[in-house]
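Observations on the three-dimensional arrangement
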Amino acid sequence: MSWSRKALWRLCAAVRRPILLRRSYARFCAVGCSTDDLAELDRVDGSLLKRLEYLTRHLTGSNLAMPAVRVYCFGSRVTPQDVRDTFVLPDGSLAAGLCSAEQRIVVARFNEQVPLGRVLTHELGHAVLAGLTDRFPYPPSIAEGYAEFLCSLVWPSAVHRVSCPVPDKIVAPAACVAGPCFSVAELLEQGQPIEPGTSYPPGFHSHSAWLVDFLGGFGQPPETVRERLLGALWHDNVRDPHEVYAWILAACCCSPAELERRYRDFHRRLR
Ligand SMILES: [Zn+2]
């Protein structure tokens, strides 16, 4: 048993006896949840994974079997201190959710900023994408952007353009306009591996989500660059950020200057 799994089980035992909910290929373990938390998890549990799987299969063209995912939800009765060791990021802040694709574990905690269901959707988006592409190492900006994109499809009322379920990383477009912006090239260069315990620079999640949104404007629906990218990178084994950038330029029929100008205009227009 890995250290993180051991830590989670120890945590479950220390906080409250886990409640197991039914799921075809994911096992949910709800810890310290109130009746309201459980009601929200029940709503998520009903159709979420099925929907995410359907959408991700469409985006990747994958026919692989979906591996089992273990999901741990820490509800409102669990204090941030109780789960600090599990959710702490290198900068000392606490993530709202994490996904370990390698161990096929998703963890989410109750927090004031983002509903538990939405945090879970983002993290399960990572898990489903990793599961259906054999954990293909997309650049983190692509993985984060699509996790948010899937989230916005499953929760259409959610404002995916201004937030990511990592509360400390929320950056509104206005702040972005005033502060430093990421170019597409810079986003792709962010090479941190997607693992529990990693953190991204402020604005990274928002810009990644905007990038995926932006790519939907190239080509004809339902086969826009956004719909083609995940499957193409995976099938052609394009994983190096420079090659991914070249793929995007070719798919969008843009020069680097043209692409960057259009992306900058696009995300600054968002509100
Ligand atoms: Zn994420």
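Here's a quick rundown of the structure. (Residues numbered from 1 in each chain as written. Predicted model: local features only at pLDDT ≥ 70, side-chain atom pairs only at ≥ 80, totals over all residues. Heavy atoms only, no water.)

**As for the overall build of the chain**
- Of the regular secondary structure elements, the chain holds 11 helices and five strands.
- A total accessible area of about 12,500 Å² is found for the chain, and carbon and sulfur atoms account for 52% of it. (Helix = DSSP H or I, 4+ residues; strand = E, 2+ residues; numbered from the N terminus. Areas by Shrake-Rupley, 256 points an atom, 1.4 Å probe, with all protein chains shown as cover.)

**What about the side chain of histidine 122?**
- Its location among the elements puts histidine 122 in helix α4 (residues 116-132).
- With a relative accessible area of 1%, histidine 122 lands in the buried category.
- Within polar-contact distance, the side chain of histidine 122 engages the side chain of glutamate 148 at 3.0 Å. (Buried < 20%, exposed > 50% of the residue type's maximum accessible area, 1.4 Å probe, protein only. Polar contact = N/O pair within 3.5 Å; in protein donor to acceptor, adjacent residues only side chain to side chain.)

**Observations regarding the pattern of salt bridges**
- One pass over the structure, following the stated rule, counts seven salt bridges.
- The partner of arginine 57 in a salt bridge is glutamate 53, and the shortest N-O contact between them spans 2.7 Å. Taken as a pair, arginine 57 and glutamate 53 lie in helix α2 (residues 35-60) at a separation of four residues, close to a single helical turn.
- Since its relative accessible area comes to 14%, glutamate 53 is described here as buried.
- Where aspartate 265 meets arginine 261, a salt bridge forms, and the shortest distance between an N and an O atom there is 3.2 Å. Of this pair, aspartate 265 and arginine 261 are both found in helix α11 (residues 256-269), four residues apart, which corresponds to roughly one turn of the helix.
- Exposure remark for arginine 261: the relative accessible area of 37% places this residue in the partly exposed category.
- Salt bridges sharing common partners tie together Glu258, Arg261, Arg262 and Asp265. (Salt bridge = Lys/Arg side-chain N within 4 Å of Asp/Glu carboxyl O.)

**As for the packing of aromatic side chains**
- In this structure the tally under the stated criterion is seven aromatic pairs.
- Judged by centre distance (4.9 Å) and plane angle (70°), the ring pair of phenylalanine 136 and tyrosine 138 falls under edge-to-face.
- The buried category is assigned to phenylalanine 136, whose relative accessible area is 9%.
- Here phenylalanine 214 and phenylalanine 218 contribute two aromatic rings whose centre-to-centre distance is 5.1 Å and whose plane-to-plane angle is 80°, an arrangement assigned as edge-to-face. Neither residue differs from the other here; phenylalanine 214 and phenylalanine 218 are each classed as buried. (Phe/Tyr/Trp six-rings, centres within 6.5 Å; stacked < 30°, edge-to-face > 60°.)

**Looking at the nonpolar core**
- Ranked by size, the top nonpolar core spans 65 residues in total, and within it Val71, Leu120, Leu124, Leu229, Ile248 and Leu259 carry the most contacts.
- Per element, the largest residue contribution to this core is eight residues, and it comes from α4.
- Summarising the domain contributions, this core has at least three residues from each of domain 1 (8-120) and domain 2 (136-271). (Core = buried A, V, L, I, M, F, W, Y, C linked by side-chain atoms within 4.5 Å. Domains from an automatic or database assignment.)

**A few points about the coordination of the zinc ion**
- Of the protein atoms, only His122 (NE2), His126 (NE2) and Glu144 (OE) coordinate the zinc ion, at distances of 2.0 to 2.2 Å.
- Site description for the zinc ion: donor spacing in sequence, H-x3-H-x17-E. Of the two residues, histidine 122 sits in helix α4 while glutamate 144 sits in helix α5 (residues 140-154), which places them 22 residues apart along the sequence. A single burial state applies to histidine 122 and to glutamate 144, both of which are buried. (Donors = N, O, S within 2.8 Å, 3.2 Å for Na, K, Ca; no water.)

**Observations concerning the packing of α5 against helix α8 (residues 204-215)**
- Running from N to C, α5 and α8 point in directions that differ by 75°, and their axes come no closer than 7 Å. The pairing of α5 with α8 is recorded here as roughly perpendicular in orientation. On α8, the residues that touch Pro140, Ser141, Ile142, Glu144, Gly145, Tyr146, Glu148 and Phe149 of α5 are Phe204, His205, Ser208, Ala209, Leu211 and Val212.
- Split into classes, the residues belonging to the contact of α5 with α8 amount to eight nonpolar, four polar and two charged. (Axes fitted to C-alpha atoms, helices over the stretch in contact; angles between N-to-C directions. Parallel < 35°, antiparallel > 145°, perpendicular 65-115°, else oblique. Contact = heavy atoms within 4.5 Å. Nonpolar A, V, L, I, M, F, W, Y, C, P; charged D, E, K, R; others polar.)

**With respect to a negative patch on the surface**
- Negative charge collects at one region of the surface, where Glu186, Glu189, Asp240 and Glu243 lie side by side.
- Along the chain, the position of glutamate 189 falls in helix α7 (residues 184-189). (Patch = residues over 30% accessible without salt bridge, like charges linked within 9 Å, V, L, I, M, F, W, Y side chains within 5 Å. Lys, Arg positive; Asp, Glu negative; His and termini not counted. Charge placed at Lys NZ, Arg CZ, Asp CG, Glu CD.)

**Regarding unusual backbone geometry**
- Residue proline 222 is reached from proline 221 by a cis peptide bond, and omega for that bond is 0°.
- For proline 222, the position within the fold is in the loop between α8 and α9 (225-235).
- Within the chain, arginine 104 stands out as a residue other than glycine whose phi angle is a positive 55°.
- Mapping arginine 104 onto the fold places it in the loop between β4 (97-100) and β5 (105-109).
- The partly exposed category is assigned to arginine 104, whose relative accessible area is 44%.

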